[in-house]
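# Structural characterization, general
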Amino acid sequence: MSDVIVDCIGVNTHFGAHHVLKNINLTVRPGETVGLVGESGSGKTTLGRAILGIGPISSGRIVFEGQDIGGVAPRDRKGRAASIQAVFQDPYTSLNPSMTIEDILIEPIVARGQAAKADAAAQVHKLLDQVALPKDAAQRYPREFSGGQRQRIAIARALALSPHLIVCDEPVSALDLSTQARVLDLFVEIQERTGVAYLFVSHDLSVVRHISHRVAVMRGGEIVEFGECDQVTADPQHDYTKRLLLAAPVADPVRQAERRAALRALSRGA
Ligand SMILES: Nc1ncnc2c1ncn2[C@@H]1O[C@H](COP(=O)(O)OP(=O)(O)OP(=O)(O)O)[C@@H](O)[C@H]1O
């Protein structure tokens, strides 16, 4: 197996005169989590969408499992695209409210022609089990579930096609803090079980630190740091990354106070 699942090489994206992605070089290896962190507007979602094939690139290459997918329209890359799935931020709008959970889970399998509906239905209980939801969830509707449970359903839907990479765009930021922790643990557990890789987009460096092997930090459309999680977040040279970490919300008031003090010290030194 190749040691790189997705390789972004000198990727640029322009929206009109706005240069949004600037010479992005980023790799994700099989089975690892790369956290993509940065302030609002730094280009994280644009990069995630480009890798998913639902957003444009102006130049450069995106190579997925050895094949150049930049410049190939999503409709023309059905087979390979099935190996990349997505989990988005908002579990309230990402699930069709008029479909049962079973229909939501089997839709991608049937749409890709990977199985007939009856065969796909047989996989539903396994998918629910993978995200720790009960079997009887299958015949219910999204409105009957909490935000955290809906995000579990979205994860199960992403897993239905046994992807090699899941682009997770702020998948826990709409959830309360204790639910966030449980869903993050689920992501880790699924990775250990299936070997799936994640590109994990977040504005919250503390969330990214919890889940990532490597972290890329974006600022103004550029990757300003990329390395092992501990290196990136602990290096005192990197004030920008430190600020992101300190600015991230935390539940624990003691840690919150510590962070505020550290941020004040950092501001004084800047
Ligand atoms: N389709 C588009 N047309 C024009 N400009 C766009 C488009 N999509 C994104 N942009 C611009 O590109 C920049 C980066 O946006 P992007 O959503 O990638 O940032 P982000 O880091 O994901 O931010 P957030 O954390 O707020 O989601 C922003 O200035 C945004 O306005």
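Looking at an unreviewed UniProt entry, one finds the protein chain named ABC transporter ATP-binding protein and attributed to Oryzicola mucosus. For the record of the protein chain, the UniProt heading Sequence similarities (unreviewed entry) holds the text "Belongs to the ABC transporter superfamily."

## Concerning the overall build of the protein chain
Looking only at helices and strands, the protein chain features 11 helices and 10 strands. Expressed as a percentage of its 270 residues, the buried residues of the protein chain come to 38%. Within the protein chain, contacts between residues at least 6 apart in sequence are counted, and of these 66% link residues at least 24 apart.

## Some thoughts on the site of the ligand
Around the ligand, the neighbouring residues are Phe15, His18, Val20, Gly38, Ser40, Gly41, Ser42, Gly43, Lys44, Thr45, Thr46 and His203. Where the shell around the ligand is concerned, the elements lending two or more residues are β2 (18–28) and α1 (44–52). The element best represented in the shell around the ligand is α1, accounting for 3 residues. Partitioning the shell around the ligand into residue classes produces 2 nonpolar, 9 polar and 1 charged.

## A short note on unusual backbone geometry
Positioned with a positive phi, Ala132 is a non-glycine residue whose angle comes to about 60°. Within the secondary structure layout, Ala132 lies in the loop between α5 (124–130) and α6 (147–159). Overall, the presence of 12 C-beta atoms within 10 Å leaves Ala132 in the exposed class. You will see that Ser162, though not glycine, has its phi angle at about 45°, which is positive. For Ser162, a count of 12 C-beta atoms within 10 Å corresponds to the exposed category.

## Some details on the sheet that holds strand β4 (residues 59–64)
Strands sit in the order β2-β1-β4-β5 across an open sheet of 4 strands; the sheet is antiparallel. Strands at the two margins of the open sheet, each flanked by one partner only, are β2 and β5 (67–68). Bridge analysis of strand β1 (residues 6–15) against β2 gives 7 bridges, and the strand direction is antiparallel. Counterpart to Phe15 in the pairing with β2 is His18.

## So, the domain arrangement of the protein chain
Considered domain by domain, the protein chain is made up of domain 1 (1–83 + 165–229) and domain 2 (91–160). Taken residue by residue, the interface counts 11 residues in domain 1 and 12 residues in domain 2. It is helix α7 (residues 177–194) that contributes the most residues to the side of domain 1 that touches domain 2, 5 residues altogether. Here the side of domain 1 that touches domain 2 is built from residues that sort into 8 nonpolar, 1 polar and 2 charged.

## With respect to the packing of α6 against α7
Contact geometry of α6 with α7 gives a least axis separation of 10 Å together with a crossing angle of 20°. By the angle class used here, α6 and α7 are roughly parallel. Seen from above, α6 lies across α7 with right-handed handedness. Only Thr179, Arg182, Val183, Leu186 and Ile190 of α7 make contact with α6, whose side of the interface consists of Gly147, Gly148, Gln151, Arg152, Ile155 and Leu159. Split into classes, the residues belonging to the contact of α6 with α7 amount to 5 nonpolar, 4 polar and 2 charged.

## Notes on helix α3 (residues 101–111)
Owing to its 3.6 residues per turn, the α-helix aligns residues three or four sequence positions apart on the same side. Among the residues of α3, Ile101, Glu102, Ile104, Leu105, Ile106 and Ile109 are the ones counted as buried. Residues of α3 that are buried in the fold lie against α4 (117–121), α5 and α6.

## Here's the deal with the packing of α3 against α6
At their nearest, the axes of α3 and α6 sit 8 Å apart, and the two run at 30° to each other. Considered as vectors, α3 and α6 are oriented roughly parallel to each other. With respect to the hand of their crossing, α3 and α6 are arranged in right-handed fashion. Contacts between α3 and α6 involve Ile101, Ile104, Leu105 and Pro108 from the former and Ile153, Ala156 and Arg157 from the latter.

## As for the sheet that holds strand β3 (residues 33–38)
Through backbone hydrogen bonds, the strands of a sheet pair up, either in parallel or in antiparallel fashion. An order of β6-β7-β8-β3-β9-β10 is seen for the 6 strands of this open sheet, with the pairing classed as mixed. Looking at the sheet topology across the chains shown, the edges are occupied by β6 (84–87) and β10 (222–228). Across the sheet, the axes of successive neighbouring strands diverge by a mean angle of 15°, strand direction being ignored. As judged from the 4 bridges shared by β6 and strand β7 (residues 165–169), these two strands associate in the parallel manner. For Ala86, the partnering residue across the bridge sits in β7 and is Val167.

The rules behind these values
- Residues numbered from 1 in each chain as written.
- Predicted model: local features only at pLDDT ≥ 70, side-chain atom pairs only at ≥ 80, totals over all residues.
- UniProt positions renumbered as here; feature names shortened; annotations may be inferred.
- Helix = DSSP H or I, 4+ residues; strand = E, 2+ residues; numbered from the N terminus.
- Buried ≥ 20, exposed ≤ 12 C-beta atoms within 10 Å, placed from the backbone.
- Contact = placed C-beta atoms within 7 Å.
- Near = placed C-beta within 6 Å.
- Nonpolar A, V, L, I, M, F, W, Y, C, P; charged D, E, K, R; others polar.
- Pairing = 2+ DSSP bridges.
- Domains from an automatic or database assignment.
- Axes fitted to C-alpha atoms, helices over the stretch in contact; angles between N-to-C directions.
- Parallel < 35°, antiparallel > 145°, perpendicular 65-115°, else oblique.
- Left-handed = near helix turned anticlockwise from the far one by under 90°.

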